[in-house]
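Residue-level structure breakdown
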Amino acid sequence: MAQDMGAKKVMGWTLGQVGLSAAIALCLLSSQSYAQKTSSRITVALEEDLRGLDPRRDRDGMSDPVHMHVVEGLLGYVDDLSVRPMLASSFTIGDDGRSYTFKLREGVRFHNGKPLTSAEVKWSWDYVMAADSIWRCKAVFDGPIKVAGVEAPDARTIVFRLDQPNGSFIYNLARTDCAGTPILHPESVDADGKWRGVIGTGPFQLGERRIGQYTEVKRFPDYALSNAEPSGRVGKKEALVETVRFTVVADPSARLVGLRSGDLDITPLTAEVVDQIEKDPKLHVTSSDTTVWYALLFGMNDPLLKDVRMRRAIAAAIDRTAVAQGVSFGQWSGSATPVPGASLLYTRPSSEDEVASLTRAKALLAEAKYAGQPISIIANKALPMMFNQAVIIQSMLQAAGINANIETLEWGLQLDRYTKGTYQAQSFAYSGRFDPMGAWERIVGPESRKVWKDEEAITLLNKGMKTADPAEMKQISDQLYKKFINDVPAVSLYNVKVFYGVSDRLAGVKASPLEVVRVWNVSIK
Amino acid sequence: MATYLARRLSMMLLTLSLVAVTVFVLVRLVPGDSASLMLGEAGSLEQLAILRARWGLDQPWPIQFLYWIKGLLSGDFGVSTRTGEPVLALILARFQVSAVIVLAAMTIAVLVAVPVGLYAAWKQNSWADLAVVSVATLLLSIPSFWLGLLLLVVFGLKLSWLPILGYVGFGEDFSRALSFVILPVATLALIEIGVLVRMARASAIEVLRLEYVTHARAKGMPEWRVLAFHVFPNAFAPTLTLIGLILGNLLGGIAVLETVFTLPGMGRLLVESIFARDYPVVQGCLLLTGVIFVLINLIVDMLYPIFDPRVARA
């Protein structure tokens, strides 16, 4: 009995102490309701932290939503993927097709209170195009679309001169993944040219940033509202809340719990949880087609796959719709064309191009005298859809009698093989491109990373990039598509649809093909 | 003792030198680099060359290594290729977060697990022992991310007692900071309690069978004194070694828990940096982990003689 009492004393003391501490802590904390939200702040989940906001140095996909709220360019995309003036009030193209003259909007001010003039536009251009810049669009404006010079004849006018006429110029100038060719104030950098912080003209200005945790943007009270119809990145963009916090939540399950608890107001969703969120009475889902494109790429110099009949056989064996539905839990449909449905250039492919045919695949294999040589498809698990689609494709190819294997690599290694063009086949995804010919530009070209180096395709692409006439662009795009189906440098699988889970306390949240969530014109009910 | 300490410190330097070389070489053996990952599928070869030159990746490995070591010796761990932040400041800020969680969880785990393990050993083969062993086995079998999510759903979502996402430093707002760390600390403590209870129980069972325990009982010593002064010190020594190993391991990063609870800790930093091939940060984190391991083992070795004087005599 005495033994029991002694041991119980030790146990009781320890458990009592721990229990008491926990109880005190919970009592203290439960006095606050963590479901109560800041009335003037919207919290948006980011899947990972952004690299930074200096477009010359450290932009990434996560920077785009912050850039879109803080900086603006001369032009911007609208939701139908056409381009409209943003900081420009209008623009004209010279008769030679090589000069673009932009008139700037009146009354626009930077976040430091200084007015927008053509001097800042020129400074911004020189900043992002500097020799040591890795700005995402620098290679475009120093390559296929060569900008020979930029002049500021007066405070309200800026002129871009191209060395050759190029209709794609305005679309590339507005690219979201290039921060819309941002107009920054020179005070964004210090006297030594070192980045200090982004000073733009957007409806929000940069607030607090905690690396690894969140980036906040605050309402810019002196924002010059446009009267144009709001769409995409342009038009009337009114900040209706004081603060937007872009908070890093890497785990998808934690994002869902955060959305349901009210800690998050908006979060990207994976396809498998869309139905769950739609059933939640306090939440809703907004979705949109995007230009993000998934495909199976071929190494065109591979001894086996350089035979076009082999590539056609593989294309015939793949049921795109089954692949798309398989990876998206039935949410997406397949597409035989790299041109996204949201694009101005989209033409619906014929059913013959889209439907799989094992008979046709087997006939082509027999014609190519295929004898069961292995075909290695590179995939990775860091981006799960690339791996999942590879598994589905492998089973389809095996059903057609093709000896397909999956080689799972780390994403960095796969990217390295992609850049060098050293692979037999790759399960791959391309970031969204909103410029009409961008759908083709990402695969056509002489660079080692481009999958389709065919001379005729390159000529067509260059022609399509040069013209400013949408009808001619579409005609060229259709020609490229016919050639794409014939040459099969890649098998187009599907374009991704983006889903956002949104708290019902918000009004005005709408997904768009521009992918990135917009929080201007969004209010708290 | 001084000679022993000096010998251990010189061994520590040798170990850390080996860690530095191994870490440097291993991160570079993985194909692809931070430049290609940063630029993605749209990067041109010219831009790749600019970035590689900027970060010194165009230099031969021995030159890169010498620059790194030279920087380390002057306290400069380099700059993150991912965020542009100085590596040392970045790592120390993140390490603080991990350290708070780990130290709090381990303190709780030790305070609970050691007496409970002792009690279970003392009551070996009873219902109480069976219950303790079952719960301990269950706790160490549960994946930490699952337990974390479960606690988030119950205490954050259903009861709304605790916040779900975010982190605030203790220096900024103590009560809010406490609210953010309770769930991760509880998750980690529960998992480690499972491990430590089993170890403490097994060690105590061994000690309870020894003759000096029988002798203490035979001379009429109260049972609680037998447990506290004869069984506990001898049974705790092996558990202390295990605590040292666990602590070193956890302080190196609790990436899964940090991801679930959105904590800006060192584990998450390391994982993100590995994926981005942020060599300076990966090297810095792994070197710090090496230092932590070596230091904790040194401290454990220094503490060991307190519980087992035979070690000091040896």
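The structure presented is a predicted model; accordingly, all values stated were derived computationally and were not measured.

All names here are of chain A. Looking at chain A, the domain boundaries give domain 1 (19–60 + 194–288 + 499–524), domain 2 (68–188) and domain 3 (290–498). Look at where the C-alpha atoms of domain 2 and domain 3 centre, and you get two points 33 Å apart. Counting residues at the interface gives 16 residues for domain 2, matched by 17 residues for domain 3. In total, domain 2 and domain 3 occlude about 1,300 Å² of area from one another, counting both sides; carbon and sulfur atoms represent 61% of this. A per-residue breakdown of the area domain 2 buries against domain 3 is headed by Leu81, Gly167 and Tyr171, which together make up 36% of the total. The tally of links from domain 2 across to domain 3 stands at zero salt bridges. The interface formed by domain 2 and domain 3 holds four residue pairs in polar contact (both at pLDDT 80 or more) in total. Partitioning the side of domain 2 that touches domain 3 into residue classes produces six nonpolar, six polar and four charged.

Attention now goes to the pairing of strand β14 (residues 404–408) of chain A. Across five bridges, strand β13 (residues 375–379) of chain A lies against β14(A) in parallel orientation. Within the sheet, the bridge partner assigned to Ser376(A) lies in β14(A) and is Asn405(A).

All names here are of chain B. Per the UniProt record, the feature "transmembrane region" (unreviewed entry) sits at residues 95–118, 130–157, 177–197, 235–261 and 281–304. A helix fraction of 93% and a strand fraction of 0% characterise residues 130–157, whose end C-alpha atoms lie 33 Å from each other. The straight-line gap between the two end C-alpha atoms of residues 281–304 is 34 Å; of that span, 100% is helix and 0% is strand.

Turning our eyes to something else, we now look at the sheet that holds strand β4 (residues 88–93) of chain A. Backbone-to-backbone hydrogen bonds join strands into a sheet, with any given pair of strands oriented parallel or antiparallel. Residue and element names in this part refer to chain A. Spatially, the four strands line up as an open sheet ordered β4-β5-β7-β6, and their pairing is antiparallel. Edge positions in the sheet fall to β4 and β6 (147–154), since each of these pairs with one other strand and no more. With direction set aside, neighbouring strand axes in the sheet form an average angle of 20°. Relative to strand β7 (residues 157–162), β6 is paired through five bridges, and the arrangement is antiparallel.

All names here are of chain B. Residues Phe145, Trp146, Leu150, Val154, Leu159, Trp161 and Val256 make up a contiguous nonpolar surface patch of about 600 Å² in total accessible area. By residue number, the principal contributor to the nonpolar patch is helix α7 (residues 144–158), which donates four residues. Phe145 gets classed as partly exposed once you look at its relative accessible area, which sits at 41%.

Attention now moves to the environment of Ala45(A). Residues and elements named next belong to chain A. Here Ala45 lies in strand β1 (residues 41–46). You can call Ala45 buried: its relative accessible area is 4%. In contact with Ala45, other than residues within four places in its own chain, are Thr247, Val249, Arg255, Leu264, Ile266, Thr267 and Pro268.

On to the interface of chain A and chain B, then. The interface of chain A with chain B comprises 57 residues on the first partner and 61 residues on the second. Taking both sides of the interface into account, the surface hidden between chain A and chain B amounts to around 5,300 Å²; carbon and sulfur atoms contribute 64%. Joining chain A to chain B, the criterion identifies two salt bridges. The partner of Glu410(A) in a salt bridge is Arg277(B), and the shortest N-O contact between them spans 2.4 Å. Listed by contribution, the elements that provide at least two residues to the side of chain A that touches chain B are α1 (2–30), α4 (138–141), α6 (252–261), α13 (411–420) and β15 (425–430) of chain A. When residues of the side of chain A that touches chain B are assigned to their parent elements, the largest contribution, 14 residues, is made by α1(A). Partitioning the side of chain A that touches chain B into residue classes produces 27 nonpolar, 16 polar and 14 charged.

Annotation from UniProt places "domain: Solute-binding protein family" (unreviewed entry) at residues 83–436 of chain A. Taken as a whole, residues 83–436 of chain A contains 27% helix and 23% strand, while its terminal C-alpha atoms sit 10 Å from one another.

Glancing now at α7(B). Between its first and last C-alpha atoms α7(B) spans 20 Å; for 15 residues at 1.5 Å apiece the expected length is 21 Å, and the two agree. Residue Leu152(B) marks the point of greatest curvature in α7(B), where the axis turns by about 25°. By the burial criterion, the buried members of α7(B) are Leu147(B), Gly148(B), Leu149(B), Leu151(B), Leu152(B) and Gly156(B). Packing partners of the buried residues in α7(B) comprise α6 of chain A together with α8 (174–208) and α11 (255–260) of chain B.

The subject of this paragraph is the environment of Lys282(A). Residue and element names in this part refer to chain A. By secondary structure assignment, the location of Lys282 is in the loop between α7 (274–279) and β12 (283–298). Take Lys282: its relative accessible area is 57%, and that puts it in the exposed class. When the C-alpha atoms of Lys282 and Leu259 are compared, they prove to be 9.7 Å apart, with 23 residues separating the residues in sequence. Dropping the residues within four chain positions of it, Lys282 is found in contact with Arg260, Val502, Ser503 and Asp504.

Glancing now at unusual backbone geometry. Negative phi characterises most residues that are not glycine, and trans characterises most peptide bonds. Residue and element names in this part refer to chain A. At Leu81, a residue that is not glycine, the phi angle is positive and equals roughly 70°. The topology assignment puts Leu81 in the loop between β2 (75–77) and β3 (83–85). Overall, Leu81 belongs to the buried group, its relative accessible area being 1%. Residue Asn521 is not a glycine yet carries a positive backbone phi of 60°.

Attention now moves to the confidence of the model for chain A. All names here are of chain A. The share of residues in chain A with pLDDT of 70 or more is 93%, and the mean pLDDT across the chain is 89. Per-residue pLDDT stays below 50 along residues 1–18; that stretch engages in 20 contacts with residues further than four places along the chain or on separate chains. Note on residues 23–36: pLDDT is under 50 here. Beyond four places in sequence and across chains, it has 21 contacts.

Attention now goes to the packing of aromatic side chains. Taken as a whole, this structure holds 30 aromatic pairs over all chains when the rule is applied. Where Phe102(A) meets Phe160(A), the ring centres are 5.7 Å apart and the plane angle is 85°; that geometry is what we call edge-to-face. Of this pair, Phe102(A) sits in strand β5 (residues 99–104) while Phe160(A) sits in strand β7, and the two are 58 residues apart along the sequence. For Phe102(A), a relative accessible area of 0% translates into the label buried. Put simply, the rings of Phe91(A), Tyr100(A), Phe102(A), Trp125(A), Trp135(A), Phe141(A), Phe160(A) and Phe169(A) touch in pairs and so form one group of aromatic residues. Stacked on the ring of Phe387(A), the Lys or Arg Lys381(A) has its end atom at 4.7 Å from the ring centre. Residue placement shows Lys123(B) over the ring face of Trp122(B); its charged tip is 4.9 Å from the ring centre.

Thresholds, definitions, all that
Residues numbered from 1 in each chain as written. Chains lettered and ligands numbered in written order. Predicted model: local features only at pLDDT ≥ 70, side-chain atom pairs only at ≥ 80, totals over all residues. Heavy atoms only, no water. Domains from an automatic or database assignment. Contact = heavy atoms within 4.5 Å. Buried area = accessible area lost by both parts, 1.4 Å probe. Salt bridge = Lys/Arg side-chain N within 4 Å of Asp/Glu carboxyl O. Polar contact = N/O pair within 3.5 Å; in protein donor to acceptor, adjacent residues only side chain to side chain. Nonpolar A, V, L, I, M, F, W, Y, C, P; charged D, E, K, R; others polar. Pairing = 2+ DSSP bridges. Helix = DSSP H or I, 4+ residues; strand = E, 2+ residues; numbered from the N terminus. UniProt positions renumbered as here; feature names shortened; annotations may be inferred. Axes fitted to C-alpha atoms, helices over the stretch in contact; angles between N-to-C directions. Patch = residues over 30% accessible without salt bridge, like charges linked within 9 Å, V, L, I, M, F, W, Y side chains within 5 Å. Areas by Shrake-Rupley, 256 points an atom, 1.4 Å probe, with all protein chains shown as cover. Buried < 20%, exposed > 50% of the residue type's maximum accessible area, 1.4 Å probe, protein only. Expected span 1.5 Å × (residues − 1). Bend = angle between axes of the 7 residues up to and from the residue. pLDDT = per-residue confidence, 0-100. Phe/Tyr/Trp six-rings, centres within 6.5 Å; stacked < 30°, edge-to-face > 60°. Lys NZ or Arg CZ within 6 Å of the ring centre and 35° of its normal.

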